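A look at the structure
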Amino acid sequence: MEIPVLAKPDIDIDAVRAYRRCRVLEQMDIADVELLVLLNPVSLRYAADWREYPLYQSRIQVFDLFVERDGTMAMHGGYGALPPAIATRHPSHALNSFDGGLDIETHARCFAADVAALTTAGARVAIEQVNPCVTRALLDRGLRVIDAEPLMEAARYVKSAEEIQCLQHSIAVAEAAIDVVQSATEPGVTENQLLSLLHHANIANDGDWIDARMLCSGPRTNPWYQMATDREVAAGDLVAIDTDMIGPFGYCADISRTWLVGEVPTGQQCDLYRRAHAEITHNATLLEPGRTFREVSENAFEHDEEFIAHRYTCLAHGVGMSDEYPKIAYRQDWENDGYDGEIVPNTVMSVESFVGSDRGGPGVKLEDMYLVTSNGPMRLSTYPLEETLL
C-alpha cells in the first residue's frame, strides 16, 4: 500500500524557536529561577529543538540542558550536531546507572557542582525528572530546588501562529495516515498490521513516534485502553484508533476515529456513534476564552447511566508537542482529579469521547482538535465522520 508523503509547509522555524525560547525565559522570570535544568525529551525539543534519542532519553537520562536566565543554553551529553539555540556541549553527567554505574550519588554531586558554578548562594533552580540523590546534592549546595515541569507546561500552553502551522501539518499527516489505515481495514487483517501503517506514514513524513498502541476492533473496543494485538479484524466489527502521534516538527496530532468493517451497521453501533459525536460536538462549544475548567466540566455533555462507568479519562486536554496541560476532568471525577484554570486564546485542545456500555457490547472512540480563538473554538482536525453510523 502506498504511503502518502505530504509536502512540508513553508514555516518560519526560526520564529518558532524564538517564540518558544521567549516563553521559557518568561516562566523563569515569573518563578525567579536562575537556572533551569531540562531532561524531559519534549522539553528539550521545545526549548532547544533538540531531537536526539527522545524515547531513550525518556527512560535513561543521557542529556541534561542548562538554561540560564539570559537564555544561554549548554547541553551535557549528546552525539550529533548542536541546534542553533545551544551554545556549548559538555560531557554527560551520567545521571543513570547505564552510563554511570550503580553509584549515581557520585555523579549527582558532580552535577550539583556544575549547577552551583552557574548560580549564586540560595538561588532557585528548577529541574525536571531526576533521582532523589540529585535533588539532595543540590540542596547540600545550599540551592533552592523547585519543579521545572509546571514552568514548561505553562510555557507550552499558549501557541504562536507558527506553532499552529506546525500542528496543522502534523494533523494533515495523521489524517492521511488514518485514511491509509481505514482503506486497509478488511476481514483478516490484524490490529497490529493496521497500526503499523500509522507508524510508517509518520516516519515517512519526518515524524517522531507514536505515544501508544491505541487501535482495537470488535469486542476489544469496550472498555477502551485495549492496545493493538494480533487479533484479526472481522466483518461487522467496529475499528477504533487514537493516533497519539508525535509528528513532523515534533508536534502532536491526537485524533480518534471509529469505523465499520462492512456496509450495514447495527442499531447499537449507530446509537453509540451518535452519542460520541454528540458529546464532542457539545463539549467543543464550551471551549471559549474566559471559561474556567470547572465551568467546562459542569456544563459538559451528560450520558445515560450505563455509559458513565466506561467513560474516557477526561473530556478535553491540551495538545502541543504531546498531550499537555490542562486536563479537564468529568464532573464525576472532579473531586479527585479536577483542578481549575482558565481557557485562553491561542491554545489547542483535544475534545474526547468514548462511549461503551457497562453492560457489554462494542464501543466508539471519537476525538477532535480545536484551536481556541478570541471568538471561540475552531476545529483543526477534519477527517470525515462515518455517515453510515450517523
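Structural notes, computed from the coordinates. All values derive from a computational prediction rather than experimental measurement. (Residues numbered from 1 in each chain as written. Predicted model: local features only at pLDDT ≥ 70, side-chain atom pairs only at ≥ 80, totals over all residues. Heavy atoms only, no water.)

Put simply, N222 and P223 share a cis peptide bond, and its omega is 0°. By the element assignment, P223 lies in the loop between β8 (215-217) and β9 (238-242). Residues other than glycine seldom take positive phi values, yet D244 does so here, at roughly 45°. By the secondary structure assignment, D244 is in the loop between β9 and β10 (245-246). (Helix = DSSP H or I, 4+ residues; strand = E, 2+ residues; numbered from the N terminus.)

Quick look at the pattern of salt bridges now. Between side chains of opposite charge, a pair can form as their charged atoms come close. Enumeration over the complete set of coordinates arrives at 28 salt bridges. Among the ionic pairs, E153 bridges to R156, the shortest N-O distance being 3.4 Å. Remark: R156 and E153 occur in helix α7 (residues 149-157); sequence separation between them is 3 residues, near one turn of the helix. Both residues of the pair, E153 and R156, belong to the buried class. With a shortest N-O distance of 3.4 Å, E306 and R359 are connected by a salt bridge. Linking E306 in the loop between α11 (293-298) and β13 (316-319) with R359 in the loop between β15 (347-356) and β16 (363-373), this pair joins segments that are 53 residues apart in sequence. (Salt bridge = Lys/Arg side-chain N within 4 Å of Asp/Glu carboxyl O. Buried < 20%, exposed > 50% of the residue type's maximum accessible area, 1.4 Å probe, protein only.)

All right, on to the pairing of β15 then. The element β15 is extensively covered by neighbouring structure, given that 10 of its 10 residues are classed as buried. By the alternation rule, side chains of β15 split into T347, M349, V351, S353 and V355 and V348, S350, E352, F354 and G356, which are all buried. Relative to β15, β13 runs antiparallel, the two sharing 3 bridges. Within β15, the residue paired with H317 across the bridge is S350. Bridge count between β15 and β16: 10 bridges; the pairing is antiparallel. Across the sheet, residue M349 finds its bridge partner in β16, namely Y370. Where β15 folds back on β16, the antiparallel hairpin that results is connected by 6 residues, among which G360 adopts a positive phi of roughly 105°. (Pairing = 2+ DSSP bridges.)

This next bit is on the side chain of R257. Mapped onto the elements, R257 comes out in strand β12 (residues 256-260). Its relative accessible area of 1% is what places R257 among the buried residues. Side chain to side chain, R257 and D368 meet in a polar contact 2.8 Å long. Polar side-chain contacts of R257 include one of 2.8 Å to the backbone oxygen of Y383. (Polar contact = N/O pair within 3.5 Å; in protein donor to acceptor, adjacent residues only side chain to side chain.)

Right, let's talk about the packing of aromatic side chains for a bit. Applying the stated criterion across every chain yields a total of 12 aromatic pairs. In textbook terms, an aromatic cluster arises when at least three aromatic residues are bridged by ring pairs, as seen for W50, Y53, Y56, F63, Y79 and F98. Sitting over the ring of F249, K8 keeps its end group 5.1 Å from the ring centre. Cation over ring: K365 sits above Y312, and NZ or CZ is 4.5 Å from the ring centre. (Phe/Tyr/Trp six-rings, centres within 6.5 Å; stacked < 30°, edge-to-face > 60°. Lys NZ or Arg CZ within 6 Å of the ring centre and 35° of its normal.)

None of the figures reported here should be taken as evidence of function without further support.
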